[in-house]
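The primary structure of each chain is shown beneath.
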Amino acid sequence: MGNCIVPYCDGPQNTNVRFTLPAVCFVWQSAMIILFGVFVRYDGESDAHWVEHKAKENITSDIENDYYFRYPSFQDVHVMIFVGFGFLMTFMKRYGFGAVGFNFLIGAFGLQWALLMQGWFHSLDPVDGFIKIGVENIINADFCVAGCLIAYGAVLGKVSPVQVMVLTLFGITLFSVEEFIIISLLHARDSGGSMVIHAFGGYYGLAISWVLYRPNLKESSQRNGSVYHSDLFAMIGTLFLWMFWPSFNSAISDHGDGQHRAAINTYLSLAATVLTTFAISSLFQKHGKLDMVHIQNSTLAGGVAVGTAAEFMLMPYGSLIVGFFCGIISTLGYIYVSPYIEKKFKIQDTCGVHNLHAVPGLLGGFVGAITAAAATETVYGAEGLINTFDFVGSYKNRTPAVQGGYQAAATCVAVCVGIGGGIFVGLILRMPIWGAAADDQCFEDEIYWEVPGEEEPVPPVLEYNNHTATNKNADVMESRFTVEQS
Amino acid sequence: MGNCIVPYCDGPQNTNVRFTLPAVCFVWQSAMIILFGVFVRYDGESDAHWVEHKAKENITSDIENDYYFRYPSFQDVHVMIFVGFGFLMTFMKRYGFGAVGFNFLIGAFGLQWALLMQGWFHSLDPVDGFIKIGVENIINADFCVAGCLIAYGAVLGKVSPVQVMVLTLFGITLFSVEEFIIISLLHARDSGGSMVIHAFGGYYGLAISWVLYRPNLKESSQRNGSVYHSDLFAMIGTLFLWMFWPSFNSAISDHGDGQHRAAINTYLSLAATVLTTFAISSLFQKHGKLDMVHIQNSTLAGGVAVGTAAEFMLMPYGSLIVGFFCGIISTLGYIYVSPYIEKKFKIQDTCGVHNLHAVPGLLGGFVGAITAAAATETVYGAEGLINTFDFVGSYKNRTPAVQGGYQAAATCVAVCVGIGGGIFVGLILRMPIWGAAADDQCFEDEIYWEVPGEEEPVPPVLEYNNHTATNKNADVMESRFTVEQS
Amino acid sequence: MGNCIVPYCDGPQNTNVRFTLPAVCFVWQSAMIILFGVFVRYDGESDAHWVEHKAKENITSDIENDYYFRYPSFQDVHVMIFVGFGFLMTFMKRYGFGAVGFNFLIGAFGLQWALLMQGWFHSLDPVDGFIKIGVENIINADFCVAGCLIAYGAVLGKVSPVQVMVLTLFGITLFSVEEFIIISLLHARDSGGSMVIHAFGGYYGLAISWVLYRPNLKESSQRNGSVYHSDLFAMIGTLFLWMFWPSFNSAISDHGDGQHRAAINTYLSLAATVLTTFAISSLFQKHGKLDMVHIQNSTLAGGVAVGTAAEFMLMPYGSLIVGFFCGIISTLGYIYVSPYIEKKFKIQDTCGVHNLHAVPGLLGGFVGAITAAAATETVYGAEGLINTFDFVGSYKNRTPAVQGGYQAAATCVAVCVGIGGGIFVGLILRMPIWGAAADDQCFEDEIYWEVPGEEEPVPPVLEYNNHTATNKNADVMESRFTVEQS
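Residues numbered from 1 in each chain as written. Chains lettered and ligands numbered in written order. Predicted model: local features only at pLDDT ≥ 70, side-chain atom pairs only at ≥ 80, totals over all residues. Heavy atoms only, no water.

Under an unreviewed UniProt entry, the name given to chain A is Ammonium transporter AmtB-like domain-containing protein, and the organism recorded is Hemibagrus wyckioides. The annotation that UniProt attaches to chain A under Function (unreviewed entry) is "Functions as an ammonia transporter. May play a role in the elimination of ammonia in the gill." Quoted verbatim from the Subcellular location (unreviewed entry) field of UniProt, the annotation for chain A is "Cell membrane". (UniProt positions renumbered as here; feature names shortened; annotations may be inferred.)

Novice: Tell me about the overall build of chain A, and name the residues and values.
Specialist: A tally of helices and strands in chain A yields 18 helices and two strands. What you see for chain A is a C-alpha radius of gyration of 24 Å, in line with the 23 Å of a compact globule of 486 residues. Projected onto its principal axes, the C-alpha positions of chain A cover 80 × 65 × 55 Å. Scored against the burial criterion, the 486 residues of chain A give a buried share of 71%. A sequence separation of at least 24 residues applies to 80% of the contacts in chain A between residues at least 6 apart. (Helix = DSSP H or I, 4+ residues; strand = E, 2+ residues; numbered from the N terminus. Rg over C-alpha atoms; globule rule 2.2 N^0.38 Å. Buried < 20%, exposed > 50% of the residue type's maximum accessible area, 1.4 Å probe, protein only. Contact = heavy atoms within 4.5 Å.)

Novice: Mind laying out the relation of the copies chain C and chain A, listing which residues take part and the relevant values?
Specialist: It takes a turn of 120° to lay chain C on chain A, together with a shift of 0.0 Å along the axis; the resulting RMSD is 0.0 Å. Given the turn and translation reported, the copies of this chain are related as if by a three-fold rotation axis. (Least-squares fit on C-alpha atoms with pLDDT ≥ 70 in both.)

Novice: Just give me the short version of a nonpolar patch on the surface, but keep the residues and values in it.
Specialist: Residue and element names in this part refer to chain A. Taken together, the side chains of I321, F325, I329 and L363 present a nonpolar region at the surface, about 310 Å² in accessible area. No other element matches helix 12 (residues 316-345), which puts three residues into the nonpolar patch. Tracing the chain through its elements places F325 in helix 12. (Patch = residues over 30% accessible without salt bridge, like charges linked within 9 Å, V, L, I, M, F, W, Y side chains within 5 Å. Areas by Shrake-Rupley, 256 points an atom, 1.4 Å probe, with all protein chains shown as cover. Salt bridge = Lys/Arg side-chain N within 4 Å of Asp/Glu carboxyl O.)

Novice: Summarise the relation of the copies chain C and chain B; cite the residues concerned and give the values.
Specialist: For these two chains of identical sequence, chain C goes onto chain B by a turn of 120° and a shift of 0.0 Å along the axis, with RMSD 0.0 Å. Little of the interface of chain C is mirrored in chain B, where only 20% of its interface residues are also at the interface.

Novice: I'd love a proper account of the interface of chain C and chain B, names of residues and values included.
Specialist: Opposite the 100 residues of chain C that make contact, chain B presents 97 residues. Our count for the contact surface shared by chain C and chain B stands at zero salt bridges. Where chain C touches chain B, the interface holds 26 residue pairs in polar contact (both at pLDDT 80 or more). In terms of residue count, helix 4 (residues 96-122) of chain C provides more of the side of chain C that touches chain B than any other element does, 12 residues in total. In terms of residue class, the side of chain C that touches chain B is built from 56 nonpolar, 26 polar and 18 charged. (Polar contact = N/O pair within 3.5 Å; in protein donor to acceptor, adjacent residues only side chain to side chain. Nonpolar A, V, L, I, M, F, W, Y, C, P; charged D, E, K, R; others polar.)

Novice: Kindly report on the interface of chain C and chain A, identifying the contributing residues and their values.
Specialist: A common way to state how big an interface is: give the accessible area lost once the parts meet. The partner chain A presents 99 residues to the 97 residues of chain C that form the contact. Taken together, both faces of the contact between chain C and chain A bury some 8100 Å²; the carbon and sulfur share is 71%. Scanning the region where chain C abuts chain A turns up zero salt bridges. For the pair chain C and chain A, the interface holds 26 residue pairs in polar contact (both at pLDDT 80 or more). (Buried area = accessible area lost by both parts, 1.4 Å probe.)

Novice: Give me the UniProt feature "domain: Ammonium transporter AmtB-like" (unreviewed entry) in chain A: which residues, what numbers.
Specialist: Using the residue numbers shown here, the UniProt feature "domain: Ammonium transporter AmtB-like" (unreviewed entry) corresponds to residues 66-433 of chain A. As annotated, residues 66-433 of chain A has a helix share of 73% and a strand share of 1%, and its two end C-alpha atoms lie 45 Å apart.

Novice: Give me the lowdown on the environment of A408 of chain C, citing residues and values where you can.
Specialist: Residue and element names in this part refer to chain C. Structurally, A408 can be placed in helix 16 (residues 400-430). Through-space distance from the C-alpha of A408 to that of G365 is 6.5 Å; in sequence the pair is 43 residues apart. Not counting the four nearest positions on each side in its chain, A408 is found in contact with F366 and A369.

Novice: Summarise the packing of helix 8 (residues 228-250) of chain B against helix 3 (residues 66-88) of chain C; cite the residues concerned and give the values.
Specialist: Between helix 8 of chain B and helix 3 of chain C, the shortest axis-to-axis distance is 11 Å and the interhelical angle comes to 165°. Judged on the interaxial angle alone, helix 3 of chain C and helix 8 of chain B are roughly antiparallel. Where helix 8 of chain B crosses over helix 3 of chain C, the two elements pack in a sense that is right-handed. Here L232, M235, I236, L239, F240, W242, M243, F244, P246, S247 and S250 of chain B of helix 8 of chain B lie close against helix 3 of chain C, whose contacting residues are Y67, Y71, Q75, H78, V79, F82, V83 and F87 of chain C. Among the residues forming the contact of helix 8 of chain B with helix 3 of chain C, the class breakdown is 15 nonpolar, four polar and no charged. (Axes fitted to C-alpha atoms, helices over the stretch in contact; angles between N-to-C directions. Parallel < 35°, antiparallel > 145°, perpendicular 65-115°, else oblique. Left-handed = near helix turned anticlockwise from the far one by under 90°.)

Novice: Summarise the packing of aromatic side chains; cite the residues concerned and give the values.
Specialist: Following the criterion strictly, the structure yields 99 aromatic pairs over all chains and no others. Residues Y67 of chain A and Y68 of chain A carry aromatic rings whose centres are separated by 5.0 Å and whose planes lie at 85° to one another, so their mutual orientation is edge-to-face. Note on Y67 of chain A: relative accessible area 2%, which makes it buried. Classification of Y68 of chain A by relative accessible area gives buried; the value is 8%. Look at Y71 of chain B and F74 of chain B: their rings are 5.6 Å apart centre to centre, the planes differ by 40°, and that puts the pair in the tilted class. (Phe/Tyr/Trp six-rings, centres within 6.5 Å; stacked < 30°, edge-to-face > 60°.)

Novice: So what about the pattern of salt bridges? Which residues, and what values?
Specialist: Inspection of every chain in the model, using the stated rule, returns 33 salt bridges over all chains. Between R261 of chain A and D257 of chain A there is a salt bridge, with the nearest N and O atoms lying 3.0 Å from each other. Taken together, the residues span about one helical turn, with R261 of chain A and D257 of chain A both in helix 9 (residues 257-283) at a distance of four residues. Residues K54 of chain C and D62 of chain C are paired through a salt bridge, measuring 3.0 Å at the closest nitrogen-oxygen approach. By the burial criterion, K54 of chain C is buried, and D62 of chain C matches it.

Novice: Before we move on, could you go through the environment of A369 of chain C and cite the residues and values that matter?
Specialist: Residue and element names in this part refer to chain C. Along the chain, A369 turns up in helix 13 (residues 353-373). Residue A369 is classed as buried on the basis of its relative accessible area of 7%. Sequence separation between A369 and G405 is 36 residues; the distance between their C-alpha atoms is 6.6 Å. Excluding anything up to four places from it in sequence, A369 contacts G404, Q407 and A408.

Novice: Please give an account of the packing of helix 4 of chain C against helix 5 (residues 135-155) of chain C that cites residues and values.
Specialist: Relative placement of two packed helices is described by the angle separating their axes and the distance separating the axes. Residue and element names in this part refer to chain C. Direction vectors running N to C along helix 4 and helix 5 enclose 135°, while the axes themselves pass 8 Å from each other. Classified by the angle their axes make, helix 4 and helix 5 are oblique. When the axes of helix 4 and helix 5 are compared, the crossing they make is right-handed. Residues G98, A99, F102, N103, I106, G107, G110, L111, A114, L115 and Q118 of helix 4 touch helix 5, and the partners they reach there are N137, I138, N140, A141, D142, C144, V145, C148, L149 and Y152. Residue composition of the contact of helix 4 with helix 5, by class: 13 nonpolar, seven polar and one charged.

Novice: I'd like to hear about the nonpolar core, residue by residue, with values.
Specialist: With 427 residues, the main nonpolar core has F240 of chain A, F240 of chain B together with F240 of chain C as its most contacted residues. Ignoring any residue separated from it by four or fewer positions in sequence, one finds F240 of chain A in contact with V79, M80 and V83 of chain A, V79, V83 and F240 of chain B together with F240 of chain C. (Core = buried A, V, L, I, M, F, W, Y, C linked by side-chain atoms within 4.5 Å.)

Novice: Give a description of helix 12 (residues 316-345) of chain B that names residues and reports values.
Specialist: Along its 30 residues, helix 12 of chain B runs just 38 Å from first to last C-alpha, ending more than 12% under the 44 Å computed at 1.5 Å per residue. Backbone geometry just downstream of helix 12 of chain B places K346 of chain B in the positive-phi region, at approximately 55°. (Expected span 1.5 Å × (residues − 1).)

Novice: Which residues make up the confidence of the model for chain A, and what values go with them?
Specialist: All names here are of chain A. For chain A, mean pLDDT is 90; residues scoring 70 or higher make up 91% of the total. For the stretch residues 1-10, pLDDT sits under 50, and the model shows 13 contacts to residues farther than four places along the chain or on other chains. Between residues 462-486, whose pLDDT stays under 50, and residues either more than four places distant or in other chains, the model counts 65 contacts. If you check the scores for this complex, the pTM reads 0.93 and the ipTM reads 0.92. (pLDDT = per-residue confidence, 0-100.)

Novice: Describe the side chain of D47 of chain C, with residues and values.
Specialist: With respect to the helices, strands and loops of the structure, D47 of chain C is situated in the loop between strand 1 (40-42) and helix 2 (50-56). For the buried D47 of chain C, no salt bridge exists, and the shortest N-O distance to an oppositely charged side chain is 5.8 Å, to R261 of chain B. Side chain to side chain, D47 of chain C and H49 of chain C meet in a polar contact 2.7 Å long. When residues no more than four places from it in sequence are discounted, the contact partners of D47 of chain C are D257, R261, M313 and V379 of chain B together with Y42 of chain C. (Lys, Arg positive; Asp, Glu negative; His and termini not counted.)

Here it is in structure tokens:
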């Protein structure tokens, strides 16, 4: 993006964030406290007045508190956000601290801001005007954070912690607006967030990455890769995302069959994706060897693409079909599309969010639209159809076909807000005031982290034990040391 | 097994699976889609007709949907299957990708095939002939997969991904047959699967390993061991298996006291196992040092052995006794039995499944038989006895003593099907068409995986910071590089 | 503590625990079996008589079994104890086995002893005199273990496995006494254990560490640090503690709103802590670089400090305020206080439990006292106030103000028992009979563990593939080997 309207400082910026990062953290956290003090209270099910609430709502048992319907799913989602996303990004040999650490920072700030933004749009108490929060709100806050973490994946290793905070502040804001349009105005359903989370987050990140294009990034290329152990750390992230995705897609679905069905559909879709990912990965590699990049990422595409339709009557075979094609499309994306869009469109996508989130999210939106349009009373039952698509109140007369149209429109909204917002935020992040690293210093923890240092070689501790004694010299740190001596 | 009826190609096979692996994945996954389309539908609790189902079954609240009874346990089991088994096998220095990656592939394919096989045996709807699936089916599918993963542990590092798929296809099939005989025909109880999962899976894997005996495997011995970090990765697997085992043994127990009791018994048994494992490990080592192999594996034996009896009135002290002896037996197995059966019986058991699954599973079967035979109305209560052993319908008059006999018989069935099936599948896997590695190429990820490669040394990025600058040269990749220069 | 009354053997002790460790494990585990046999039975909800129990208690559905209210939280707590604490302590380059392994041993023994000790104090059946256990008991047992693991953090790398067992035996005993005084005698509330678990455990460990002062510990200093990978392993522990802390603080709260509110408050407090931790870490480092020690530890302080008040009407903004200040205090503690107390008070605190548990626990106690004292019927509702503070029976007339006083007193009890008990146990551990390592052999796994050894360099396996062939030589083990040749 050479002809960008904002002058981009190619000269080395000062990467010392000693004052900017603390300033941002303190000011924004203080603002959160004030805003929570003014706006946020417990909802009827988490407030000590629960006893009266129970009586009012004719709830007969404590077990019917929404906490017991959703809390286990919440914890699974929470693990996906902090361990799943965090460790998935630790694949790079020198950026593990930045991957898991800044992921942690994004999540912790983002969920607070999300509770406020989503609260204003969805959880305002008409009586006293407070935002009333319960377990469903904190699940949605985690979802909101996921959108920003996806975007972070596109710029991983190329931005400063301060830029990461800015990306999150605007990301959460844009997410909430887009979500309000899709869920409230268009009355589209998106329990697993294919559109709201993945399509938005993916395109938001790609647009930012496009604006922040680094012409000389190849000078950091020798750091932009994995080592054996870092690939295993990344698999921790992959597996926790893959295993808990059924909880992700069912966390905010309807009580009863809604959550039950969403979990089963996601479970099946993800299973099919694994097989086609292995197949394509082997088929397109020299000597038929498997590539960890595909196993770590494309195996998850089925969970993304089934997000919207998971709570619908997609049918078990329908879920398998979605997973089948997503594994193929996502893996081929890593092999062919990512290099192409970097070369042609100057989009440097560190984690390949284009193939894992953007495109599968887009597909998921349309799968949802088709599944909704095809819904019938025979398949759902009269009441089931109303419950599943929430055809009540002013939507009492909406037909499945019309619903399908709105679902498709919602997908476009997610993509447009993502791209538009990403370009806007990207321009802000281009300003040479955020302490970004130079092109030849990317993917490097040492820029923002104290990295463990050298030390003296350690003499054997146990004379009686030669075997172990020699071990000592073999210690990684020693070998480093010896290496430098040699 | 030199006198094997099938000629074994000792010459190096072509390990390039570029066409066989994708072919198997695509064809089998397509078959799954077709079979699911023809046979599989949602059950009453995951179908959108839930509202009518609720009314028909007189269910008063959504919280009584089976999803809320079992889903948290399902997620714990899911973690055990993919992270637990997967990382437990990453202990080898050069086989982490194969351990966690092929474990992932087995699980993803196996659970689909298991839903069909188990469905035909147990979940056919008498009215419309469809397999109706819900949360209990996906738990059982994960259980079924566990049997194959146990078998994989015995041949870890010695088989190709294609062989792994074949092992899974037949393993799931055999499992379902054996399970049908044990659960449906013998009417034995096995909520934690000591017999159905562990005894079967263990002997299935040992039999395969026996048929696939590699006379020159010692040529790969320098790769068949751990490094410091790989032992820590393996501990991730160990701990997630250990922590979630109470969920594993209680996942499909009766609602209410059944699940509650099964979890408590397993929790206690596992705790006792840890202490005796540490004791034996230290007692039998030179200098009393602890061996990570024992801590990673034998600490889990108590969970295996209490599997069948966990839902019975085993009593807290009974659980501790089971765990106490299993820790001893399993650890001694690693020290004495594994080397012995490799030398005498030519069974090369990479992960020692003999000591962690086969023998403890066998013991668990008999513990279950004894506990069942000793059951009385005083201890269980009249209704409790009927509910626990499901003495209803045609089994209304079965006595605890008779039940104990059937439990013991069931254990034998599991072992026999495991051994017989393993020999059969082993012979198939001996055919020189599966791309297996030669004896001197075992335990090596490079055969089937792209392993991270070399690169140029990276110059210090931050001149102002000598401390960190020197770090850079100390980076693992650099040290490798420098080493080759020196 | 040069003027200690017990002579401290500065000469190298024999670190061979080949007989002491097995002896302790066998004898104590056997004692557990006997004591469980004599005292422990299932409670009404885990016993097969559940059907009759249900009728007696007018429980209408199996879903109202306490298992379904608490089991998901129990599993989260279980993960925190074994993976959370275990991996958090793997940060040291040479002590990963001891960290995760001895953590495992402490947990497995401690939970059995805790079930007995806490059972005698809290779960004795007045009719038959048995300890009746259910899911709440095993949660409390895990909590009890947490207190000992916190103490272990203070002496990590400096004690033998036998000392660890002794520390646990007395730690559990002291914990149960202190808990009985606080919960039963003072009738203080402490659902998250700020006082009972963290303040007690922290000061217990610090006092032991003080008595076990090692004047020449600096001779092990080169081992007392992290390497890049070990810091990532530690982050696994940090994140699982951070994510599941809401379950920890809500696990034994009241059904319904109590658990719901406790989870939300903890979720918020922890989020605020992360931001202030990042801020202080960057602000006080040269070049504004972040320090992994702070990110791994101080980010958790908010969960500790909100433990007592989490189930009260702390209000969302109140939780954020608690987290805000705890992040600051804890991080500054790591930067300034820990070095100071080591220098001035001769307290060598390996993991900095002073900053993560002791001080935040103390603060949490007082936050709870203030929140309780400020409780009003308007905020809690008449019934809500009674339920939250359990103002029933002999406490019917206790006012919130008085309750606040008792809460404050309870905090002092926790600290005093912790310090007093720690000094007592420390003196026992000073005896030169436990096989402790010498000052220059601390933080070293080789003392008590078989550590993976050397081997021959492995020739390339695949001639056709130069790329991978060279990989082989680059393998860590080879580089070690080559290094020694050079």
